[in-house]
Amino acid sequence: MTIVIVDIEHVTHTCPVYPDGHPYDIRRTVVDVIPGGPCRAPVTVRCGEQTTLIPCHRHEPAKRQCGACRVIVTERTITTRTPDGNAA
């Protein structure tokens, strides 16, 4: 299982349409990637007389991928601030 750790920053502002404020700029920063390793369930693909093995993440939907190919995104921090830099 590949784990991707991200930090998220929301920049919010108020306007006549949304007086309570809303995010207008959302930034995600990848902090770390922990690789899951090689595929444990490669898939055989055939085209005519040619056959090859490819990792299951290139062929199968997420729920049918092996543990090494599956990707999990973890949010480490979520920060909300205003355009002037103050915390919201």
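So, here's what we can say about the structure. A quick note: this is a predicted structure, and the numbers were derived from the prediction, not measured.

### Examining the overall build of the protein chain
Scanning the protein chain from terminus to terminus reveals 0 helices and 5 strands. What you see in the protein chain, going N to C, is helices and strands ordered as β-β-β-β-β. For 88 residues, the compact-globule estimate of 2.2 N^0.38 gives 12 Å, and the protein chain exceeds it by more than 25% at 21 Å. Over its C-alpha atoms, taken along the principal directions, the protein chain stretches across nearly 65 × 25 × 20 Å. In the protein chain, buried positions account for 20% of the 88 residues. Sequence separation of at least 24 residues holds for 56% of the intrachain contacts in the protein chain that already meet a minimum separation of 6.

Cut-off values and rules
Residues numbered from 1 in each chain as written. Predicted model: local features only at pLDDT ≥ 70, side-chain atom pairs only at ≥ 80, totals over all residues. Heavy atoms only, no water. Helix = DSSP H or I, 4+ residues; strand = E, 2+ residues; numbered from the N terminus. Rg over C-alpha atoms; globule rule 2.2 N^0.38 Å. Buried < 20%, exposed > 50% of the residue type's maximum accessible area, 1.4 Å probe, protein only. Contact = heavy atoms within 4.5 Å.

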